Amino acid sequence: MRLIVTGGGTGGHTYPALTAVRTMRARLAEVGRGLDVLWVGAADSLEERVATGEGIAFTPVAVGKIRRSKNPIKLASPANVADMGRVPLGVLQARKAINAFQPDVVLATGGYVAVPVGVATTRLCHRPLVVHEQTVRLGLANRTLAGAATRVAVSSESTLPLLPEAVRSRTVVTGNPVRPEVFTGQPDKVIATLGLSGFDRRLPTIYVTGGAQGAKQINDLVEALRPWLLGHANLIHQCGTDHVAGLRRDAAGLPPELAGRHHLTDYVGAELPDVLALADVVISRSGAGTIAELTALGKASILVPLATSAGNEQVHNAQHLEQAGAASALVGEVTPQRLKDAVAPLLADPQRRTEMAARAKAYGRPDAADRLVDLLLSVAGG
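We now turn to the structure provided with this report. All figures in this text were calculated on a predicted structure; none of them were measured in a lab.

### Focus on the overall build of the protein chain
- The secondary structure content of the protein chain amounts to 18 helices and 13 strands.
- Whereas a compact globule of 382 residues would reach a radius of gyration of roughly 21 Å, the protein chain reaches 22 Å, a difference of no more than 12%.
- Taken along its principal axes, the extent of the C-alpha atoms in the protein chain is 65 × 55 × 40 Å.
- The buried share of the protein chain, taken over its 382 residues, is 52%.
- Across the protein chain, every contact between residues at least 6 apart in sequence was considered, and the portion connecting residues at least 24 apart equals 67%.

### Some thoughts on the packing of helix H10 (residues 216–232) against helix H11 (residues 244–251)
- Running from N to C, H10 and H11 point in directions that differ by 10 degrees, and their axes come no closer than 11 Å. On the basis of their axis angle, the class for H10 and H11 is roughly parallel. Two secondary-structure elements touch here, H10 through Asn219, Glu223 and Arg226 and H11 through Leu247, Asp250 and Ala251.
- When the residues that make up the contact of H10 with H11 are grouped by side-chain class, the tally is two nonpolar, one polar and three charged.

### Regarding the pattern of salt bridges
- Counting across every chain of the model gives eleven salt bridges.
- Linking Arg22 and Glu54 is a salt bridge whose minimum nitrogen-to-oxygen distance equals 2.9 Å. Residue Arg22 is located in helix H1 (residues 11–30), and its partner Glu54 is located in helix H2 (residues 46–54); the two are separated by 32 residues in the primary sequence.
- Judged by its relative accessible area of 25%, Glu54 is partly exposed.
- In this structure, the salt-bridge partner of Asp220 is Lys216, at a minimum N-O distance of 2.7 Å. Residue Asp220 and its partner Lys216 are located together in helix H10, separated by four residues, close to a single helical turn.
- Residue class for Asp220 comes out partly exposed when judged on its relative accessible area of 34%.
- For Lys216, a relative accessible area of 51% translates into the label exposed.

### Quick word on H11
- Residues Val244, Leu247 and Ala251 constitute the buried set of H11. Taken down its axis, H11 places every buried residue within 70 degrees of arc, on the same side.
- Buried residues along H11 sit in contact with H10, strand S9 (234–238) and strand S10 (262–265).

### Quick word on the environment of Arg137
- Relative to the assigned elements, Arg137 resides in the loop between strand S5 (129–133) and helix H7 (140–146).
- Distance in space between the C-alpha atoms of Arg137 and Leu377 is 25 Å, their sequence separation being 240 residues.
- Setting aside chain neighbours within four positions, we find Arg137 in contact with Leu162 and His316.

### A few points about the packing of H1 against helix H18 (residues 368–380)
- Running from amino to carboxyl end, H1 crosses H18 at an angle of 70 degrees, the nearest separation of the two axes being 9 Å. With respect to each other, H1 and H18 are oriented roughly perpendicular. For the element pair H1 and H18, the recorded crossing hand is right-handed. Of the residues in H18, those touching H1 at Thr19, Ala20, Thr23, Met24, Arg27 and Leu28 are Ala369, Asp370, Leu372, Val373, Asp374, Leu376 and Leu377.
- Partitioned by chemical class, the residues of the contact of H1 with H18 number eight nonpolar, two polar and three charged.

### Observations concerning the packing of aromatic side chains
- Counted under the stated rule, the structure contains zero aromatic pairs.
- The aromatic ring of Phe101 is capped on one face by Arg2, whose charged end is 4.1 Å from the ring centroid.

### Observations regarding the environment of Gly364
- Summarising the element assignment, Gly364 is placed in the loop between helix H17 (350–363) and H18.
- Between the C-alpha atoms of Gly364 and Gly298, which are 66 residues apart in sequence, the distance is 7.4 Å.
- Once residues within four sequence positions are removed from consideration, Gly364 is found in contact with Thr295 and Ala296.

### Some thoughts on H18
- With 13 residues, H18 should cover 18 Å at 1.5 Å per step; its first-to-last C-alpha distance of 18 Å lies within 8% of that length.
- Along H18, the residues classified as buried are Ala368, Ala369, Leu372, Val373, Leu375, Leu376, Leu377 and Val379.
- In this structure, the buried residues of H18 make contact with H1, strand S4 (105–108), S5, strand S6 (151–154) and strand S7 (171–173).
- Just downstream of H18, Gly381 is the residue with a positive phi angle, here 85 degrees.

### A look at the sheet that holds S5
- Ordered in space as S3-S2-S1-S4-S5-S6-S7, the seven strands form an open sheet in which the pairing is parallel. A strand with exactly one partner marks an edge of an open sheet, and here the two such strands are strand S3 (57–60) and S7. On average, each strand axis in the sheet is inclined to that of its neighbour by 25 degrees, with strand direction left out of account.
- Bridge count between strand S1 (residues 2–6) and strand S2 (residues 36–41): five bridges; the pairing is parallel. Counted as the bridge partner of Arg2 is Asp36 from S2.
- Docked against the sheet, H1 engages S1, S2 and S4, running at close to 170 degrees with respect to S2.

So, how was this worked out
Residues numbered from 1 in each chain as written. Predicted model: local features only at pLDDT ≥ 70, side-chain atom pairs only at ≥ 80, totals over all residues. Heavy atoms only, no water. Helix = DSSP H or I, 4+ residues; strand = E, 2+ residues; numbered from the N terminus. Rg over C-alpha atoms; globule rule 2.2 N^0.38 Å. Buried < 20%, exposed > 50% of the residue type's maximum accessible area, 1.4 Å probe, protein only. Contact = heavy atoms within 4.5 Å. Axes fitted to C-alpha atoms, helices over the stretch in contact; angles between N-to-C directions. Parallel < 35°, antiparallel > 145°, perpendicular 65-115°, else oblique. Nonpolar A, V, L, I, M, F, W, Y, C, P; charged D, E, K, R; others polar. Salt bridge = Lys/Arg side-chain N within 4 Å of Asp/Glu carboxyl O. Arc of directions from axis to C-beta. Left-handed = near helix turned anticlockwise from the far one by under 90°. Phe/Tyr/Trp six-rings, centres within 6.5 Å; stacked < 30°, edge-to-face > 60°. Lys NZ or Arg CZ within 6 Å of the ring centre and 35° of its normal. Expected span 1.5 Å × (residues − 1). Pairing = 2+ DSSP bridges.

The structure is reproduced here in structure tokens:
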């Protein structure tokens, strides 16, 4: 089996593709078949680092980043014009890579790099293309490719009414692939690993995260509420490297009984599955990967969307879950009081937490990677 993967720029595009590759490789190995993979992406990018670390062959192509604007004058800015000029070069480079590799199917997971590869796949090389969308609304790259794609995979049923009829008839709801290790968490293990001996297991545990780099907005909100939060819960706060020193100084004056229930860290790595297993409530952004993990696990959450996310996707993600009763979404101007009003009922009422977690789990698709692999194998003819 020969597979080309394209997509990247962010973890939201890159890691679902990696999970799909790992799942397909394992699936084929069970029946004595191998998998040859080529990742086509931008040079010096996250996807190149991920592919190289996984032992996947990587080919770079030129990428043009189109900056969104409702103002046509801004759309015609020198930066946009220069970047648009790189797209044809990327298409030609992608055609060369595709013709040399001869894939059975191409998987595109979004990001600017997916456009030249997807165009070359369908228009020049006439190979089957599967487009996978992680968010409720198709991103710009996937909207560009969906019309010519062989099949479109989406993460939510709610995406279907938003698609043109011609695309909808070729669309399958697979969910967003989640790393298998996320499901292996052990709450007792993280108590020992992180030295959380001061945690009161009679109280709920909150996990706060702003992503790998942290989020100043979320950090500031939690810092303002920290004594109150610690009066009602244990707190694991992943704040990012740039923020940890200042937050640690500010936390130094906590009374001992509260300090013992407070764990501040710049980054949560291999222990993340255990942290999530321990957490009763999660306060986080609402990127596609985060949503996929929280719903697959069934976690009550307070979502603070990144307002500047491409296409306002994080707001759409958060509001969609809130409408289903599967999360609480804090959109617009978020104050400490708004966060307190959202989290207080979840801390006070275990039944309310359980109900929100159950609704989140009903929305989740823990088998998304297998569903996507099923689709890829079907398109590839086996």
